[in-house]
Amino acid sequence: MKQSYLSRILQLTWGLFLGALGSVMVINAKIGYTPWDVFHVGLSQTIGISIGNVAIMISIAIGLIDILLGEKLGVGSILNIVLVGIFLDFVISLNIIPVSGNFIYSTIMLITGLMIIALGTYFYIETGLGAGPRDSLMVAFTRRTHLPIGVCRGTIELAAVILGWKLGGMVGVGTIIAAFTIGF
């Protein structure tokens, strides 16, 4: 049975919310952030604005690069650009995700957060309403360089991690686990 457009938008929005919720769990686990969140948090700390606003600014910039590289942005792409940042700040403001104080609890939070991100990604992608700006960048680089998509993704995420780390974002075992498992 084909979903209505409204139900696809609602499903996409739910997926984006879950992605933000999972990201906050990973951040609050305090054992290393996802590659892009290393950059978002580092830049947030450096320029003094919220993580969500940084995510929106970076998403807009990457979306513009995507367009310049010939990628098409869909309704889902635009909603991703705006809503992930809004949802990040919303979940953080609720203060319902505790900040971990020990490694075992941190590991549980990290794994749970990554699973929630994966579930959110499933809901988002299943709608077929457009790739997120970071995924579109990965596709654009793959088309331009003819390198394997994993190499392009890894290069982009490594650059985000290095820049974020230089700006004060947390890199740790969680970053490595996220980098190698989030695609699955």
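Up top you'll find the structure we're talking about.
All of these numbers come straight from a predicted model, not from anything done at the bench.

Reading the values: rules and limits
Residues numbered from 1 in each chain as written. Predicted model: local features only at pLDDT ≥ 70, side-chain atom pairs only at ≥ 80, totals over all residues. Heavy atoms only, no water. Axes fitted to C-alpha atoms, helices over the stretch in contact; angles between N-to-C directions. Helix = DSSP H or I, 4+ residues; strand = E, 2+ residues; numbered from the N terminus. Parallel < 35°, antiparallel > 145°, perpendicular 65-115°, else oblique. Left-handed = near helix turned anticlockwise from the far one by under 90°. Contact = heavy atoms within 4.5 Å. Nonpolar A, V, L, I, M, F, W, Y, C, P; charged D, E, K, R; others polar. Salt bridge = Lys/Arg side-chain N within 4 Å of Asp/Glu carboxyl O. Buried < 20%, exposed > 50% of the residue type's maximum accessible area, 1.4 Å probe, protein only. Core = buried A, V, L, I, M, F, W, Y, C linked by side-chain atoms within 4.5 Å. Phe/Tyr/Trp six-rings, centres within 6.5 Å; stacked < 30°, edge-to-face > 60°.

Caption draft 1: Inspection of the packing of helix α6 (residues 133-145) against helix α7 (residues 149-166) at higher detail. Where α6 contacts α7, the axes come no closer than 9 Å and their chain directions differ by 125°. Relative to α7, α6 is oriented oblique. Where α6 crosses over α7, the two elements pack in a sense that is right-handed. Mapping the contact onto sequence places Leu137, Met138, Val139, Phe141, Thr142 and Thr145 in α6 and Ile149, Cys152, Arg153 and Ile156 in α7. Considering only residue class, the contact of α6 with α7 consists of seven nonpolar, two polar and one charged.

Caption draft 2: Quick look at the pattern of salt bridges. Within the structure shown, the criterion is met by two salt bridges. Here arginine 143 makes a salt bridge to glutamate 71, at a shortest N to O gap of 2.9 Å. Of this pair, arginine 143 sits in helix α6 while glutamate 71 sits in the loop between α3 (51-68) and α4 (75-94), and the two are 72 residues apart along the sequence. Using a relative accessible area of 55% as the deciding quantity, one classes arginine 143 as exposed. Judged by relative accessible area, which is 12%, glutamate 71 ranks as buried. Between arginine 153 and glutamate 157 there is a salt bridge, with its nearest N and O atoms 3.2 Å apart. Linking arginine 153 with glutamate 157, this pair stays in helix α7, spanning four residues, or about one helical turn.

Caption draft 3: Structural detail: the nonpolar core. In terms of nonpolar packing, the biggest core is built from 30 residues, with Leu16, Leu21, Leu88, Ile97, Leu110 and Leu114 touching the most fellow members. Contributions of two or more residues to this core are made by α1 (5-29), α2 (35-47), α3, α4 and α5 (103-126). If you tally residues by element for this core, the top one is α1, at 11 residues. When residues no more than four places from it in sequence are discounted, the contact partners of leucine 16 are Leu79, Asn80, Leu83, Val84, Phe87 and Tyr124. Within the second largest apolar cluster, 10 residues are counted, among which are Phe39, Ile62, Leu137 and Ala160.

Caption draft 4: Broad picture of the packing of aromatic side chains. Applying the stated rule across the entire model yields four aromatic pairs. Measuring from centroid to centroid gives 5.9 Å for tryptophan 14 and phenylalanine 17, while their planes differ by 20°, and the two rings are stacked. Note that tryptophan 14 and phenylalanine 17 are positioned in helix α1 at a spacing of three residues, about one turn of the helix. With a relative accessible area of 21%, phenylalanine 17 lands in the partly exposed category. Plain terms: the ring middles of phenylalanine 17 and phenylalanine 87 are 5.4 Å apart, the flat faces sit at 85° to each other, and that makes the pair edge-to-face. Here phenylalanine 17, found in helix α1, pairs with phenylalanine 87, found in helix α4; they are 70 residues apart in sequence, far enough to count as distant.

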